[in-house]
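Commentary on secondary and tertiary structure
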Amino acid sequence: MANTMPTAIDEDGETPGLRKIIHVDMDAFFASVEQRDNPGLRGKPVAVGGAGGRGVVAAASYEARKFGVRSAMPSVTAQRLCPDLVFVRPRFDAYKEASRQIRRVFEHYTPIIEPLSLDEAYLDVTEDRLGIGSATRIAQLIRQEIRAKTSLTASAGVSYNKFLAKLASDQNKPDGMCVIRPGEGARFVSDLPIRRFHGVGPKAESKMHKLGIATGADLAAKDIGFLRQHFGSMADYLFRAARGIDLRPVAAHRLRKSVGGERTFSEDIGSGPALRETLETIIGIVWERIEAAQARGRTVTLKLKFTDFRIMTRAASLPHPVTGKEEFAAVARALLEAELPLPEPIRLMGLTLGNLEGQQQDRPPRDDTQLSLL
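Every chain begins its residue count from 1, and numbering advances along the sequence as written. In view of the model being predicted, local features appear only for residues whose pLDDT reaches at least 70, and side-chain atom pairs are presented and counted only at 80 or more, with totals across whole chains, interfaces and linings using the full set of residues. Excluded from the side-chain calculation are hydrogens and water; included are all heavy atoms of the structure.

**Looking at the overall build of the protein chain**
Numbering of helices and strands starts at the N terminus; helices are DSSP runs of H or I of at least 4 residues and strands are runs of E of at least 2. Counting its secondary structure elements, the protein chain contains 13 helices and 15 strands. Throughout, a residue-residue contact means that at least one pair of heavy atoms, one from each residue, lies within 4.5 Å. For the protein chain, long-range pairs separated by at least 24 residues make up 66% of all intrachain contacts whose partners lie at least 6 apart in sequence. Per element, the accessible surface of the protein chain, about 16000 Å² overall, is 50% carbon and sulfur. Only the protein chains shown count as cover for residues, and the accessible areas themselves come from Shrake-Rupley with a 1.4 Å probe.

What follows is the structure in structure tokens.
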């Protein structure tokens, strides 16, 4: 099987036996769909989400990002940063349909696909369906086909493992591509600011800077004992990542235990209106994931992470599988309302549906992950 091989990629001069991984990430997906469907929004700073005092930005166009507008930002802050910002309410049916079209493009080249969200996926093309052989060429064709069929742009990263492919896809955004070939991973990672490492948020970045770790090279200079002393369970991941090592296969058929998502905010939030608005956005996206996975479950779990990284989870189990979006939303809202007012602001909110019937296969989008599409 292609996804059990040892790791690495190709280009024109290929190395037999090495894994070839592509990470495809759509550019400002929600906002780009809105600009595509409404020509009057093209070229303008657009925020998907609710306007006004209770609103939260779910996604921002690149025109808006130039002003510092980011997902999970309170709408009043976004409006202050960008007075000409145009707010658009989310249309999840449109995003889901575009995601289906993109998925069909992926399937044209490989059956080994690990979706991360509606707009993002890993592809193992070690043995591609068309016999093209070059992962770089396949990534080019995928981007061209997505543009032709959806009028949307995608960025792609090509490398010999998932960690590097994901870093590469972000390197030349938007509408760009980056290839990290065998033997180049450690050097590529060494030049990166530590914030670019997946899982390293603002607090971890600050801690690392205090320890003299600002780049991948600084991280690679620390031995595993030092990392375990200061970063606990995250140490092994950091040790490998600093060397460009990632042995995970593209997991097209993982067993699913729950379906959900979580969001880390660019600014901590604590007010009831902002929390409710954020929850509504997460409900909409997570329910799309539940439908895509054809999952049926009885337990709804709300996750809150406070500014000191303390985590609170609250769950409610029904005697029957959740019957639809309204029941799912009602349970989620009740869980949040029971905790309001919160004792302090939070930096993350998550929502999952668990206690699933049977053994759900891992279909798009993935479970228990950050809402990276936002």
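So much for the structure itself; the text now carries on.
**Side note on helix α12 (residues 272-293)**
One less than the number of residues in a helix, times 1.5 Å, gives the span that helix is expected to have. An ideal rise of 1.5 Å per residue puts 32 Å on 22 residues; α12 measures up with 31 Å between its terminal C-alpha atoms. Burial here depends on accessible area, computed with a 1.4 Å probe over protein chains only, as a share of the maximum for the residue type. Under 20% is buried, over 50% is exposed, and the range in between is partly exposed. Burial analysis of α12 places 17 of its 22 residues in the buried class, which makes it a mostly covered element. Phi turns positive one or two residues past the end of α12, at Q294, with a value near 55 degrees.

**As for the packing of α12 against helix α13 (residues 325-337)**
In this analysis, axes come from line fits to C-alpha atoms, helices being fitted only over the stretch in contact, and the angle between any two N-to-C directions falls in the range 0 to 180 degrees. Look at α12 against α13: their axes get within 10 Å of each other, and the N-to-C directions meet at 145 degrees. The two elements α12 and α13 cross, and the hand of that crossing is right-handed. Together, L275, R276, L279, E280, I283, G284, V286, W287 and I290 of α12 and K325, F328, A329, A332, R333, L336 and E337 of α13 make up the contact between the two elements. Side-chain classes follow a simple rule in which Ala, Val, Leu, Ile, Met, Phe, Trp, Tyr, Cys and Pro form the nonpolar group, Asp, Glu, Lys and Arg form the charged group, and the remainder, Gly included, forms the polar group. Looking at side-chain class alone, the contact of α12 with α13 contains 10 nonpolar, 1 polar and 5 charged residues. Definitions for this section: a left-handed crossing has its near helix turned counterclockwise from the far helix by less than a right angle. A right-handed crossing has that turn clockwise.

**Points about the pattern of salt bridges**
A side-chain nitrogen of Lys or Arg and a carboxyl oxygen of Asp or Glu constitute a salt bridge if their distance falls within 4 Å. Tallied over the full model, the rule gives 26 salt bridges. Residue E277 is joined to R89 by a salt bridge in which the shortest nitrogen-to-oxygen separation is 3.7 Å. One end of the pair, E277, is in helix α12; the other, R89, is in the loop between β4 (86-88) and α4 (92-109), and 188 residues separate them in sequence. Owing to a relative accessible area of 16%, E277 belongs among the buried residues under this scheme. Here the salt bridges share partners, and the residues they tie into one network are E34, R36, D37 and R91.

**As for the sheet that holds strand β3 (residues 57-60)**
At least two bridges found by DSSP between two strands is the condition for calling them paired. Spatial strand order, β3-β2-β4: 3 strands in an open sheet with mixed pairing. In the strand order of this sheet, the two ends are held by β3 and β4, each with one partner. Between one strand axis and the next, the sheet turns by 30 degrees as a mean value, whatever way the strands run. As judged from the 3 bridges shared by strand β2 (residues 46-49) and β4, these two strands associate in the parallel manner.

**Some remarks on the sheet that holds strand β8 (residues 177-179)**
One key point about sheets: their strands pair by backbone hydrogen bonds, in either a parallel or an antiparallel sense. Read from one edge to the other, the open sheet built from 5 strands follows the order β5-β6-β1-β7-β8, with strand pairing classed as mixed. Each edge of the open sheet carries a strand with a single partner, namely β5 (113-117) and β8. Here the average twist between neighbouring strands, direction ignored, is 15 degrees. Inspection of the sheet shows strand β1 (residues 21-26) paired to strand β7 (residues 154-159) by 6 bridges, in the antiparallel sense. Within the sheet, the bridge partner assigned to H23 lies in β7 and is G157. This element, helix α5 (residues 135-150), spans β1, β6 (120-124), β7 and β8 of the sheet and lies at about 170 degrees to β7.

**Regarding the confidence of the model for the protein chain**
Looking at the protein chain, the pLDDT average stands at 87 and 89% of residues meet or exceed 70. Confidence drops under a pLDDT of 50 for residues 1-16, and excluding neighbours within four residues, the segment shows 52 contacts in the predicted structure. Note on scores: pLDDT gives the predictor's confidence for each residue, bounded by 0 and 100. Across residues 359-374, confidence stays below pLDDT 50; counting only partners more than four residues off in sequence or on other chains, it has 76 contacts.

**Here we look at the packing of aromatic side chains**
The relative placement of two aromatic rings is captured by the distance of their centres and the angle of their planes. Each aromatic pair joins two rings of Phe, Tyr and Trp (for Trp, the six-membered one) with centres within 6.5 Å, and gets the label stacked for planes under 30 degrees apart, edge-to-face for over 60, and tilted for any other angle. Under the criterion given, the structure shown has 8 aromatic pairs. An angle of 50 degrees between the planes, with centres 6.1 Å apart, marks the rings of F29 and F30 as tilted. Classification of F30 as buried rests on a relative accessible area of 1%. By the ring-pair criterion, three or more aromatic residues cluster together here, those being F29, F30, F92 and Y95. For a ring to carry a charge above it, either NZ of a lysine or CZ of an arginine must fall within 6 Å of the ring centroid while also lying within 35 degrees of the normal to the ring plane. R65 extends its terminal NZ or CZ atom over the ring of Y62, reaching a point 4.5 Å from the ring centre. Over the face of the ring belonging to F231 we find K207, whose NZ or CZ atom lies 5.0 Å from the ring centre.

**So, the pairing of β2**
Burial along β2 is two-sided: the face carrying V46 and V48 and the face carrying A47 and G49 are both buried. Pairing between β2 and β3: 3 bridges, direction antiparallel. By the bridge assignment, A47 is partnered in β3 with A60.

**Here's the deal with unusual backbone geometry**
Keep in mind that most residues, glycine aside, have a negative phi and that most peptide bonds are trans. Omega for the bond connecting K173 with P174 falls within 30 degrees of zero, at -5 degrees, which places this linkage in the cis form. Summarising the element assignment, P174 is placed in the loop between α6 (162-169) and β8. In this structure, P341 follows L340 across a cis peptide bond, with omega equal to -5 degrees. One can find P341 in the loop between α13 and β13 (346-356). Look at A28: it is not a glycine, yet its phi comes out positive at around 45 degrees. Backbone geometry places D175, a non-glycine residue, at a positive phi of 55 degrees.

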